[in-house]
2 protein chains.
Amino acid sequence: METGKKTVLHSAIPVPLVRKLLHRGARSHLARIFAKAYPVDVARLLAMLGWAERLQAFSILLEECDTAHVSSILSEMAVEDSLALFERLRPTEIARLFSEMAADDATFLASRLPDPLAAEVLALMEARPAAEVRELLVHEEQTAGRIMTPNYFALEEDVTVSEAITALQRRSEEYEMVFYVYVVDKRDHLVGVVSLKKLLTTPSSVQLKRIMVPDVISARTSADQEEVARLVADHNLLALPIVDDEDRLVGIVTVDDVIDVLEEEAAEDLLALAGVATEERISTGAGRSLRLRAPWLLINLILAFFASYVISEFKGPISRLPALAALMPLVAGIGGNAATQTVTVMIRGMALDEIASLTWVILKTIIVGAGNGIITGTVAATVAAIYYNDLWLGVVLASAMVITQIMAGLVGTLVPVGLKRLGVDPAIASSVFVTACTDITGFFSFLGLATLLWNLLKAG
Amino acid sequence: METGKKTVLHSAIPVPLVRKLLHRGARSHLARIFAKAYPVDVARLLAMLGWAERLQAFSILLEECDTAHVSSILSEMAVEDSLALFERLRPTEIARLFSEMAADDATFLASRLPDPLAAEVLALMEARPAAEVRELLVHEEQTAGRIMTPNYFALEEDVTVSEAITALQRRSEEYEMVFYVYVVDKRDHLVGVVSLKKLLTTPSSVQLKRIMVPDVISARTSADQEEVARLVADHNLLALPIVDDEDRLVGIVTVDDVIDVLEEEAAEDLLALAGVATEERISTGAGRSLRLRAPWLLINLILAFFASYVISEFKGPISRLPALAALMPLVAGIGGNAATQTVTVMIRGMALDEIASLTWVILKTIIVGAGNGIITGTVAATVAAIYYNDLWLGVVLASAMVITQIMAGLVGTLVPVGLKRLGVDPAIASSVFVTACTDITGFFSFLGLATLLWNLLKAG
């Protein structure tokens, strides 16, 4: 892959250069660099700077660069970083930035501002963008209504192709980008869609209703953003029309926002499974990281005490046969791994809505658990039996591993399903419960079997 | 969210209905359902059917439905499922399907066929699509050259707007969808880009070079697909132009393919961190699941033996004070959790290229590890000291937890970075090594400290 030649023909802004210019106070030089760069590249640069440098760079942006450009940069930044910068701004400045921002981005940021400040900013914004933001704020977070943009292009059915092109030319400043021409009836009901290419390649007197594709895939404002993203991704759309409860077209969700939703949801699943809060990134400060992670570790600790209690109940056998203490982490450890495998496959399958039959999944999971229990149990038992010269110790170990891995499969399947039915995000809560279960099962089955078969063991 | 009303205005194909019709042999009824449905919905339906039903449904598709429709359905299916169906087809049938498929999808499937069959199928395909597939097969897997499509629309700089529109109208059947008009010089070098909207809203005599955006973001055919996806996602593009080593335009990667790449990479990270092979899904059969998971569990088992060996070296202290056996899983367990948290944040940050300073990250990680070690250690020590009525046992426990969690932070940071430098995917290999390290550190520090401070413990 590394050919010595750049494979991506696009340059990031060099961090050391910016640092040097900041230290020299070369404001106009920096302003030129920022103005020429793509918003996402400036956003990424800011994320890599320390807090003092970031404030300095942001003040240059605010004072020397175009407001629309600064708004786009803010839209590309992590929301926590944007909010931290807003704390240094006057409400009028925030309002000026929001007025130039895409409505969905401004809405998202406004919803994260403290209520009184948000109200003040909305009152100070230009009338039209303020109205758009208020409109979106009516809808619940993480729904289609919150992430849609009201800047779509819709025409009525009996409009001709040439009229459509004229309308598009006349109103072109309103739209950053036109994805499709939507066709509506007299009462704004969505009835069809026409691609720009179709518009260009159809004789000018034809009416839109003759060339439109009817039965447009759409979603209501109340649809979950994940469902919306799935529709766009599955059907390779550039935008999805959003309708209200009376099926009137009220907005579109565009593919770039869908990518953000998909990346956000994927990151959430990944982080949640590992017990990390969604907002933690590499750049998160130590204090905040500590506060974000400690609760998860404490919950784990509380559950781990149950497993510890199980072990303490077997202190007699352990003190007479310390090999039990050395081998028991194998049972619980491999059980925990097997459980994590199952939970992860389940979480992903549930996200893609792939469970056709839960009974089949449970049966499969028992077979896989038993099979892997037998494979790993046999290997572990052989090593242990030889090392400790105790055949029955091996038998106890293998049996406990089979039991624990069947349990890993069962709880790994049922806990995510159960949590989802209870309305809890399975990615967040599953792995704590599941590994606590496998720990307890592992220790109890291993030490319990050893006690039951005590007379057969070398120590007995 | 649940209002009783459907929020997504689009219906999946009902599986029970299809099953009933299959059992009745109602082929033409099923053919009508399949023909009317979106490709992705038929693909999802097939994934939910058993193997025998799937074969039956696919034979109906092949015999009764339009080849282009069947090709699109195959493009939407999991690659393993498509390949399994191909085993039942004659090379001529595969060639017919490939000829109708998007070049990038046909290339991907062709690359997964056994070599002799792939050659035979290519020879049987229509000339033009076969040439396109051969062209893409030249490039390495997972590069821009492999996932691009050669169906882009490019014109020379001095072409006027009206000529451009005429060209678009004349050649419209070639393009499924036009995203942008690319502008090239006489030798096919990419020099600019024009949006369709711009084309529609510019007077017809203006030359493209006057309205094009120069400095187009692009990538070489050798660029990694992940880099390509990141560019498209970061810059909210609908398509990214791909150039050869002489900077000549040779294809585009479209946003729908970028979504597939992003979802594939996210799934890979999620699954790899949990020790699950990328190809495993909920629908994967028990035998295959078992084979895919067993190697990972065996590697874990081997590493777990090292931890077990550490414990066995302390059999004396354990047999005299079995509370050690009961408490040691707390140290290793919380250490393992802390390590997983760190690894996950690192993997995600590395994927987004967010590490500005490794030294800073390591320092932060030590602080967070020490901080969380102190918090969880204090809680655990208090409970243990009271339960076992042994203050020094608590002190040993807390100290071991601090040491282990600092180690968790260090290895959680350094192992992914090190693996990446070695060219190994850190998501796959990190968690095995890291948790083995924390287990060993946990057991060794706890039991070692207990032995050192033996005279202070109640048992001493």
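In every chain, residue numbers begin from 1 and rise along the written sequence. The naming scheme follows written order: chains are lettered A onward, ligands numbered 1 onward. With pLDDT at 70 or above as the cut-off, local features in this predicted model cover only qualifying residues; side-chain atom pairs require 80 or more to be listed or tallied, and sums for whole chains, interfaces and linings still use all residues. To get the side-chain values, all heavy atoms of the structure are used, and hydrogens and water are removed first.

Enquirer: With reference to specific residues and values, describe the interface of chain B and chain A.
Expert: Each partner contributes residues to the interface: chain B has 130 residues there, and chain A has 130 residues. When the two sides are added together, the surface that chain B and chain A hide from each other amounts to roughly 11,400 Å², 68% of it contributed by carbon and sulfur. Two parts lose some accessible area (1.4 Å probe) when they are put together, and adding that loss for both gives the buried area. Interface area lost by chain B to chain A is led by Leu200, Ile282 and Gln341 of chain B, which between them contribute 7%. We define a salt bridge as a contact between a side-chain nitrogen of Lys or Arg and a carboxyl oxygen of Asp or Glu at a distance within 4 Å. For the pair chain B and chain A, the interface holds four salt bridges. Between Asp234 of chain B and Arg44 of chain A there is a salt bridge, with its nearest N and O atoms 2.9 Å apart. Counted as a polar contact is a pair of N or O atoms within 3.5 Å, where, for protein atoms, one must be capable of donating a hydrogen and the other of accepting one, and residues adjacent in sequence contribute only when both atoms are in side chains. At the junction of chain B and chain A, the tally comes to 26 residue pairs in polar contact (both at pLDDT 80 or more). Ranked by the residues each element gives to the side of chain B that touches chain A, the list is headed by helix H19 (residues 323–351) of chain B, at 18 residues. Should any heavy atoms of two residues lie within 4.5 Å, those residues are considered in contact. Runs of H or I in DSSP of at least four residues are treated as helices and runs of E of at least two as strands, each being numbered from the N terminus.

Enquirer: Summarise the packing of helix H17 (residues 286–312) of chain A against helix H22 (residues 426–452) of chain A; cite the residues concerned and give the values.
Expert: What describes two packed helices is the angle between their axes and the distance between those same axes. Residue and element names in this part refer to chain A. Between N-to-C directions, angles cover 0 to 180 degrees, with each direction set by a line fitted to C-alpha atoms, over the stretch in contact for helices. The contact between H17 and H22 brings their axes to 9 Å, and the two run at 15°. One finds that H17 runs roughly parallel with respect to H22. Here H17 runs over H22; the crossing is right-handed. Where H17 approaches H22, its residues Trp296, Ile299, Asn300, Leu303, Phe306, Ala307, Val310 and Ile311 are matched on the opposing element by Ile428, Ser431, Val432, Ala436, Asp439, Ile440, Phe443, Phe444 and Leu447. Under the scheme applied here, ten amino acids are nonpolar (Ala, Val, Leu, Ile, Met, Phe, Trp, Tyr, Cys and Pro), four are charged (Asp, Glu, Lys and Arg), and all others, including Gly, are polar. Along the lines of polarity and charge, the residues of the contact of H17 with H22 split into 14 nonpolar, two polar and one charged. An angle below 35 degrees is read as roughly parallel, one above 145 as roughly antiparallel, one from 65 to 115 as roughly perpendicular, and any other as oblique. We call a crossing left-handed when the near helix sits turned anticlockwise from the far one by less than a right angle, and right-handed when that turn is clockwise.

Enquirer: For the pattern of salt bridges, give the residues involved together with the corresponding values.
Expert: Across all of its chains, the model carries 33 salt bridges over all chains by this definition. In this structure, the salt-bridge partner of Arg27 of chain A is Glu63 of chain A, at a minimum N-O distance of 2.8 Å. Of this pair, Arg27 of chain A sits in helix H2 (residues 27–36) while Glu63 of chain A sits in helix H4 (residues 51–64), placing them 36 residues apart in sequence. The exposed category is assigned to Glu63 of chain A, whose relative accessible area is 59%. Here Arg220 of chain B ties to Asp247 of chain B by a salt bridge, and the two come within 3.0 Å at their closest N and O atoms. Note that Arg220 of chain B is positioned in strand E5 (residues 218–220) and Asp247 of chain B in the loop between strand E6 (239–243) and strand E7 (249–254), a separation of 27 residues in sequence. Under the scheme applied here, a residue whose accessible area is under 20% of the maximum for its type counts as buried, over 50% as exposed, and between as partly exposed, the area being computed with a 1.4 Å probe on protein chains only. Judged by its relative accessible area of 7%, Arg220 of chain B falls in the buried class.

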